[in-house]
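If you want the building blocks of each chain, they are given just below.
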There are 4 protein chains.
Amino acid sequence: MGRPPRKKAIIERSALELFAEHGIDGTSIRMIAEKAGVTEGALYRHHASKDDLVRSLFFQYFERIAELLAQAQESGESVDQKIRAMIRGFFTFYDDDPKGFRFVLLVQHVLLENVRGDMENPVEVIMGVLKKAVKKGEIPKQDVALSAQILLGIVMQTAIGHRYKRVQGPLVQHSTVIADACLRVLQFRGSGES
Amino acid sequence: MGRPPRKKAIIERSALELFAEHGIDGTSIRMIAEKAGVTEGALYRHHASKDDLVRSLFFQYFERIAELLAQAQESGESVDQKIRAMIRGFFTFYDDDPKGFRFVLLVQHVLLENVRGDMENPVEVIMGVLKKAVKKGEIPKQDVALSAQILLGIVMQTAIGHRYKRVQGPLVQHSTVIADACLRVLQFRGSGES
Amino acid sequence: MGRPPRKKAIIERSALELFAEHGIDGTSIRMIAEKAGVTEGALYRHHASKDDLVRSLFFQYFERIAELLAQAQESGESVDQKIRAMIRGFFTFYDDDPKGFRFVLLVQHVLLENVRGDMENPVEVIMGVLKKAVKKGEIPKQDVALSAQILLGIVMQTAIGHRYKRVQGPLVQHSTVIADACLRVLQFRGSGES
Amino acid sequence: MGRPPRKKAIIERSALELFAEHGIDGTSIRMIAEKAGVTEGALYRHHASKDDLVRSLFFQYFERIAELLAQAQESGESVDQKIRAMIRGFFTFYDDDPKGFRFVLLVQHVLLENVRGDMENPVEVIMGVLKKAVKKGEIPKQDVALSAQILLGIVMQTAIGHRYKRVQGPLVQHSTVIADACLRVLQFRGSGES
DNA sequence: AATGAATGAGATTTCATTCAT
DNA sequence: AATGAATGAAATCTCATTCAT
């Protein structure tokens, strides 16, 4: 069996960390090669181009996040359970790999437009949850597209705030507070707080 | 005595728009000069470097936004009035100059760390409002730093969603809905919505 | 009467000092203008170009040095008197204006080729003195061109050594020692030392 | 495994010759690349910058000259033998590679200050020889630092004079005359010239 | 599978000089 | 007489990519 993609994984991780720290354009092929302990040419055995490397990394993460949300969502019955599970899942992901998160944050603006319609997509997953909740009467009728954006904003900004030291400690610790805020936004009146 | 610097404003606006559209690294000095109708060298009379140009533009906007929030905040008596005024102000700013907003969004991650402590700072303004509201008993005791991040996230993501066509129409139209959501997050029980 | 060439002199002195410190190419028109307290354009009222400025400064010094040597030479009767006077004169010049000397040192290689045959020329002055001394039998027959180079080398290197702190104190203090060395080179057996 | 760096030596020699002819600032990277038959970028594989290239070339020569003098010095017993050998060695070096010499002459003023204390240094070698000669009583007590400068000046200026056609023929031909002059400067009374 | 020298295109920046004011 | 904005040309350097070894 051997371990064929050893170098490939090292290269990708090196690239990711450099991208997260210096940005895409601030990271040269040479920097990646150096950090990965290979030469510049070797990179092209695994990826057709720098652009291809970035894309590949982005979609890996993008899919992983969408999947994570989808699974979390399935794990709960009611909206509040689903939302809580999703937020916990997302924050755990952040705590495990903050550099990965920062990378996604950086390239989202460039690459979101390339996301194919048929791909698992975090925003779509959230909207799906909200639509079902409205239909089931768990939350009042509302502009679910807008609500989904708001939830996304809350979660993302919490993570960004963490990066700039405005939010302290592991993010999972804040899961409940954040989830509560989200549910208030959605006007969920459940077993909730209050 | 020398010629008046007719081109400075044009250069800055051209730069801003290109930065907003193609990103900082995606915009070359040549592109800016071309769009502004000057030669590349002309740029360096007004700004020491590309970096300096970016910085200067960012801080212009940064201060303008902080000021806008500070003024809006003063215009209201109660938290809810303040919050509503701030959001309306911010969304109006966005509607007037979406490119400016997009630019700020792009560079914030690079430049936020350079913000001096003595500068007007949007996050500080928001936190100030929240602290006072807690003290006055308008909203329950809470982690105001975290709450400020949440509000910021809600507002920013709404604007981002607008850019990616997930939120439609002028943003001011959504002021009330968004403000309501923010107030629910803060657990404000006022003259509130229904 | 007035004082018309006030600015011109300031500009030239500023240029000279900057050239001496940073070299010709290392000194920009802007630097000179700044140091002289005028604007870039103003420079072109007094000198047609940067090149012209450099040339003009060089020939001013070049002639002054040649003249200085010529006068010193005339002040003495015998070779040794002439040589001693020339060296004392040259070192006094250096002590009075080391920056001027450094400037001349810098540009000599570029400009020596442009020296016109009819100009007063330090090397020619020295050679004239030597030729006459040979004719008068004060010193033995020798390759006066080569001897002139040697004398020049001794004097110049003493000045260079001063700049690099290998030779200490005002250069005039070393006049006698250096002149003695030069006379030994020329095999002058006069009232000489020992 | 990669291609051997066939062009490195060619680049360095091309650079040296252009520097010698047009000066450092008068030589552009493009000129060097063109002369060497490579593209501009190729230069940066072997040297981090133009400055680095200049430095590297200078120290190569600087060390070679210091070594040459050190060896010549060891080859002789008495001062006069040492001095004669050093001058012969130096002039041979000049005759073999006048462009290299001219290059060293050009940059010495810029780079001498960067010479590390632990490097072989021509001036130190000369001073060492003189100190020992004084101690052995071969030459009278004197300011050896100043004497070393004088010897250096004599030798250097001879070479400069050669470049400006004031001294003719291969320099080695003048070794004896120059060495004699140097020994007279030092007041060496040996088997000397009559 | 991998190396790293070399390419080719482009980026930022500098600067002597000109010229409208 | 002077200003300083703007030009135009060039300089240094970077970098994704290719390819001989």
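(A) Summary view of the relation of the copies chain A and chain B. For the pair chain A and chain B, the superposition axis carries a translation of 0.3 Å, the fit reaches an RMSD of 0.3 Å, and the rotation angle comes to 180°. Classification of the inter-copy transformation places it as that of a two-fold axis. Within chain A, G153 of chain A has its C-alpha nearest the rotation axis, a separation of 2.2 Å. When the interface residues of chain A are mapped onto chain B, 97% of them again lie at the interface, so the same face is used by both copies.

(B) Here's a closer look at the domain arrangement of chain A. All names here are of chain A. Domain boundaries in chain A define domain 1 (1-47) and domain 2 (54-185). Each of domain 1 and domain 2 was reduced to a C-alpha centroid, and the two centroids are 28 Å apart. Across the boundary between the two partners, domain 1 contributes 10 residues, which contact 12 residues of domain 2. Carbon and sulfur atoms supply 69% of the area buried between domain 1 and domain 2, which totals about 880 Å² over both sides. Along the contact surface separating domain 1 from domain 2 lie two salt bridges. Applying the counting rule to domain 1 against domain 2 returns three residue pairs in polar contact (both at pLDDT 80 or more). Grouping the amino acids of the side of domain 1 that touches domain 2 by side-chain chemistry returns five nonpolar, two polar and three charged.

(C) Representation of the packing of helix α5 (residues 79-96) of chain C against helix α8 (residues 144-163) of chain C in the model. Residue and element names in this part refer to chain C. Following both chains from N to C, one finds α5 and α8 inclined at 30°, their axes separated by 11 Å at the closest point. The pairing of α5 with α8 is recorded here as roughly parallel in orientation. In the packing of α5 onto α8, the handedness of the crossing is right-handed. Here α5 contributes I83, I87, F90, F91 and Y94 to the contact with α8, which in turn contributes L151, V155, M156, T158, A159, H162 and R163. For the contact of α5 with α8, a count of residues per class yields nine nonpolar, two polar and one charged.

(D) Highlighting the packing of aromatic side chains. Summed over the entire model, instances satisfying the criterion amount to 38 aromatic pairs over all chains. Residues F90 of chain C and F93 of chain C carry aromatic rings whose centres are separated by 6.3 Å and whose planes lie at 50° to one another, so their mutual orientation is tilted. Here F90 of chain C and its partner F93 of chain C are both found in helix α5, three residues apart, which amounts to about one turn of the helix. Among the aromatic residues, those joined into a ring-pair cluster are F19, Y61, F90, F91, F93, Y94, F101 and F103 of chain A. The positively charged end of R163 of chain A is found above the aromatic ring belonging to Y164 of chain A, 5.1 Å away from the centroid.

So, how was this worked out
- Sequence order as written defines the numbering, with residues in each chain counted from 1.
- A letter from A marks each chain and a number from 1 marks each ligand, given out in the order of writing.
- This being a predicted model, a pLDDT of at least 70 is required before a residue's local features are given, and a value of 80 or more before pairs of side-chain atoms are given or counted; all residues contribute to the totals for chains, interfaces and linings.
- In computing side-chain values, all of the structure's heavy atoms are included and hydrogens and water are not.
- The copies were overlaid by least squares, fitting only the C-alpha atoms of residues that reach a pLDDT of 70 or more in each copy.
- Pairs of residues are marked as contacts when any of their non-hydrogen atoms sit within 4.5 Å.
- Residue ranges assigned to the domains are those given by an automatic or database domain assignment.
- Take the accessible area each of two parts loses on contact, using a 1.4 Å probe, and add the two losses: that sum is the buried area.
- One side-chain nitrogen of Lys or Arg within 4 Å of one carboxyl oxygen of Asp or Glu is enough to make a salt bridge.
- Polar contacts, as used here, are pairs of N or O atoms within 3.5 Å; protein pairs need one atom able to donate a hydrogen and one able to accept it. Residues neighboring in sequence count only if both atoms are side-chain atoms.
- Any residue that is not Ala, Val, Leu, Ile, Met, Phe, Trp, Tyr, Cys, Pro, Asp, Glu, Lys or Arg is counted as polar, Gly included; the first ten are nonpolar and the last four charged.
- Every axis in this analysis is a line fitted to C-alpha atoms, fitted for helices over the stretch in contact. Angles between the N-to-C directions lie between 0 and 180 degrees.
- Put simply, DSSP marks the helices as runs of H or I at least four residues long and the strands as runs of E at least two long, and each gets a number from the N terminus on.
- Roughly parallel means an angle under 35 degrees; roughly antiparallel means over 145; roughly perpendicular covers 65 to 115; every other angle is labelled oblique.
- The hand of a helix crossing depends on one turn: near helix anticlockwise from the far one by less than a right angle means left-handed, and clockwise means right-handed.
- Only Phe, Tyr and Trp rings take part, Trp by its six-membered ring, and two of them pair if their centres are within 6.5 Å. Stacked means planes under 30 degrees apart, edge-to-face means over 60, and tilted covers everything else.
- Throughout this description, the term charge over a ring refers to an Arg CZ or Lys NZ atom that lies within 6 Å of the ring centre and within 35 degrees of the ring normal.

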